[in-house]
Amino acid sequence: MGLEVGIAAVKALVVVLITLQLTVLLLWVERKGSALIQNRIGANRANIFGVMPFNTGLVNTLMADPLKMFTKEDFVPEGADRLLHFLAPFLSVFPILVTFACVPFGDELRVGGMTISLQVADLNVGILYILAVASMAVYGVVLAGWASNNRWALLGGIRGSAQMISYELAMGLALVSMVMTFGTLDLQTMARAQGSGLGSFLGFGKPVLDWLPAWGIFYQPFAFLLFFTAGIAESKRIPFDLPESESELISGYYTEYSGGKQAAFMFSDFAEIVLVSALVVTMFFGGWQIPFLGREGFAFPWGGRLPLPHLVIVVGQVVAFLAKVFFFCWLQILIRWTLPRFRYDQLMRLGWKMLLPLALANVVLTSVVILLAQ
Amino acid sequence: MTMALGEVIFFVVAAIAILSALAVILHPHPVYSALALIVTLLQVAVLFLLLDAQMVAFLQILVYTGAIMVLFLFVIMLLNLEREQEPPPLSWRLGMLTLGGLLASELGWFFLRRIPPSLARTAKLDADYGSVTALARTLFTDHALSFQITSILLLVAVVGAVVLAKRGTE
């Protein structure tokens, strides 16, 4: 009992720390990446006293920036609702961090007769849990906008709530088709189901199409596009950053925030990027699976075998998961620095008149195919 | 006598739920009332979790706190409702008190009749009790008709709302 609680606590801590590290790392990637895209140099004034032999921009972003943010003045505007103004950043960060509890970052680790599942909480309603908890993040935005006693902030908060509700629908429906395909709401079961060859998964028999892994993207490409689009909209970044669009609303819902609390809002945006990437990877790109790598080692469809020790496999899978997540984080940053911002009516039209009907059509199509295949 | 962890959680959650429910009706500011209602709904979700009904618990959070209450807050902020300046007239308060008392006594009578005085604690649950599969099986076999009627009702409500909204703009 005590040992189990201890292991669970360690897993939770590891997941939170990985998320925090990835998030801060993304801040640096965003700065350097945007500089790369816009043909600038980017964050380069980070040499400590001029004695370091190389440019320490990464160290600067990882340590100096948070330190600066949290030692700045914490400003509360006059006439603001002090309690809600204080609570809003926490309400925005907390739900996103908690959702990672259901994301599997590896298969099972067997140490000395014990089997440790590399997932913090094994819920049979995993996807529902993530949707439910992530939907709570909207309160941070709404309350920040309202409590600031600032019209731009209020507009940002109202825009944010309308946008997040609209895109949650398309996101949920895209997930419904994935749930129907895998027949489960549990993310770990989904990740395991993507371990076989594509042909075996679809029931074509071994030889056909087994050269491809059974990743979700191959049989639900539309769901991937819908989910990824809705996910970017949920993380409120360009091209969907209407709640904070700086050319119209100063900074939108967090106009009246400074220092650590403003950092908390930025942090939750980046954490949402990581969350969307983790979900995309788990459902559409095999999660922690490495193609052809089973529990004993590599087994290639063309007949080769390469047995590997258990620990190497587990570490390899965790690294593969993180690498895939990082790739999709980078893709989102690339999109953010490539596309211009939507107009508000375009945003609503995309959500309600395009994504929602397409997601519904995908659900109907999936159910017809499943019915015919039975 | 030691209490099980589940009971401790139950009493804490129930206390928070009742306090926040009281805050919903007693707080003069509509935004705080809505927030208190969100807290109440979250506590109810935890109560569902304690009853091993994971699916219902997370649906409760997803639908009520994640969507409906966001719309509540949205409307309150859009209309820019402020703190109530003066309490409503006495006749109004008395009328509401009578109605509320009637409803409460009806509910109390119903629950006292339905629920046996001491719940059987040792009753064994099925392994998949409260899971998605079990819920879906009941919903789509025993209650298929009521499920369909509910969805048609919701559809009618949606169409009705759209018609009403359209009429205002023309």
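For clarity, every value in this text was computed on a predicted model and none was experimentally measured.

**Topic: the overall build of chain B**
Next up, step 1: For chain B, the count of helices and strands is 6 helices and 0 strands.
Next up, step 2: If you list the helices and strands of chain B from N to C, you get α-α-α-α-α-α.
Next up, step 3: Out of the 170 residues belonging to chain B, those deemed buried represent 16%.
Next up, step 4: Within chain B, residue pairs in contact and separated by at least 24 positions form 53% of the contacts whose partners lie at least 6 positions apart.

**Regarding the overall build of chain A**
Next up, step 1: Across its full length, chain A carries 14 helices and 4 strands.
Next up, step 2: Here the C-alpha radius of gyration of chain A, 22 Å, is about what a compact globule of 374 residues would show, namely 21 Å.
Next up, step 3: Its C-alpha atoms give chain A principal-axis dimensions of roughly 70 × 55 × 50 Å.
Next up, step 4: Within the span of chain A, comprising 374 residues, buried residues form 45% of the whole.

**A few points about the nonpolar core**
Residues and elements named next belong to chain A.
Next up, step 1: With 112 residues, the main nonpolar core has L128, A174 and V280 as its most contacted residues.
Next up, step 2: Ranked by the residues each element gives to this core, the list is headed by helix α12 (residues 259-284), at 16 residues.
Next up, step 3: Dropping the residues within four chain positions of it, V280 is found in contact with F227, F228, G231, F285 and F328.

**Structural notes on the domain arrangement of chain B**
Residue and element names in this part refer to chain B.
Next up, step 1: Here chain B is partitioned into domain 1 (5-123) and domain 2 (127-170).
Next up, step 2: The distance between the C-alpha centroids of domain 1 and domain 2 comes to 22 Å.
Next up, step 3: At the interface, 4 residues of domain 1 touch 5 residues of domain 2.
Next up, step 4: A breakdown of the residues in the side of domain 1 that touches domain 2 according to their chemical character gives 2 nonpolar, 1 polar and 1 charged.

**Notes on the packing of helix α10 (residues 221-234) of chain A against helix α14 (residues 344-373) of chain A**
Residues and elements named next belong to chain A.
Next up, step 1: Direction vectors running N to C along α10 and α14 enclose 145°, while the axes themselves pass 10 Å from each other. The interaxial crossing formed by α10 with α14 has left-handed handedness. Mapping the contact onto sequence places F222, A223, L226, T229 and A230 in α10 and L355, L358, A359 and N362 in α14.
Next up, step 2: Each residue belonging to the contact of α10 with α14 can be placed in one class, and the counts come to 7 nonpolar, 2 polar and no charged.

**Let's talk about the interface of chain A and chain B**
Next up, step 1: At the interface, 19 residues of chain A touch 17 residues of chain B.
Next up, step 2: Among the elements that take part in the side of chain A that touches chain B, helix α6 (residues 151-182) of chain A stands out by supplying 6 residues, more than any other.
Next up, step 3: The class makeup of the residues in the side of chain A that touches chain B is 15 nonpolar, 4 polar and no charged.

**Examining the pairing of strand β1 (residues 108-111) of chain A**
Residue and element names in this part refer to chain A.
Next up, step 1: Sheet analysis places β1 next to strand β2 (residues 114-117), joined by 4 bridges and oriented antiparallel. Note that in β2 the partner of E108 across the bridge is S117.
Next up, step 2: In sequence, β1 turns back onto β2 through a hairpin of 2 residues, with G112 there showing a positive phi of about 50°.

**As for the environment of M69(A)**
Residue and element names in this part refer to chain A.
Next up, step 1: Among the secondary structure elements, M69 is positioned in helix α2 (residues 57-71).
Next up, step 2: Accessibility expressed as a C-beta count within 10 Å gives 17 for M69, which makes it partly exposed.
Next up, step 3: In this structure, the C-alpha to C-alpha distance between M69 and A263, residues 194 residues apart in sequence, is 6.6 Å.
Next up, step 4: Here M69 is in contact with G259, G260 and A263, once residues within four sequence places are set aside.

**With respect to the environment of A359(A)**
Residues and elements named next belong to chain A.
Next up, step 1: Structurally, the position occupied by A359 is in helix α14.
Next up, step 2: Residue classification places A359 among the buried positions, given that 24 C-beta atoms sit within 10 Å.
Next up, step 3: Distance from A359 to R40, taken between C-alpha atoms, is 39 Å for residues 319 residues apart in sequence.
Next up, step 4: Among all residues touching A359, those that are not within four sequence positions of it are A170, L173, A174 and L226.

**Structural notes on the packing of α10(A) against α12(A)**
A pair of packed helices can be characterised by two numbers: the angle between their axes and the separation between those axes.
All names here are of chain A.
Next up, step 1: Contact pair α10 / α12: the axes reach a minimum separation of 9 Å and the direction vectors enclose 170°. Here α12 runs roughly antiparallel to α10, going by the angle between their axes. α10 and α12 meet at a crossing whose hand is right-handed. When α10 is examined against α12, the residues F224, F227, F228, G231, I232 and E234 are found in contact with a partner set consisting of E272, V276, V280 and F284.
Next up, step 2: Taken together, the residues of the contact of α10 with α12 break down into 7 nonpolar, 1 polar and 2 charged.

**Let's talk about unusual backbone geometry**
Residue and element names in this part refer to chain A.
Next up, step 1: If you check the backbone angles, N39 has positive phi at about 60° while not being a glycine.
Next up, step 2: The topology assignment puts N39 in the loop between α1 (2-37) and α2.
Next up, step 3: N39 sits in the exposed class, given 6 other C-beta atoms within 10 Å.

Analysis parameters
Residues numbered from 1 in each chain as written. Chains lettered and ligands numbered in written order. Predicted model: local features only at pLDDT ≥ 70, side-chain atom pairs only at ≥ 80, totals over all residues. Helix = DSSP H or I, 4+ residues; strand = E, 2+ residues; numbered from the N terminus. Buried ≥ 20, exposed ≤ 12 C-beta atoms within 10 Å, placed from the backbone. Contact = placed C-beta atoms within 7 Å. Rg over C-alpha atoms; globule rule 2.2 N^0.38 Å. Core = buried A, V, L, I, M, F, W, Y, C linked by C-beta atoms within 7 Å. Domains from an automatic or database assignment. Nonpolar A, V, L, I, M, F, W, Y, C, P; charged D, E, K, R; others polar. Axes fitted to C-alpha atoms, helices over the stretch in contact; angles between N-to-C directions. Left-handed = near helix turned anticlockwise from the far one by under 90°. Pairing = 2+ DSSP bridges. Parallel < 35°, antiparallel > 145°, perpendicular 65-115°, else oblique.

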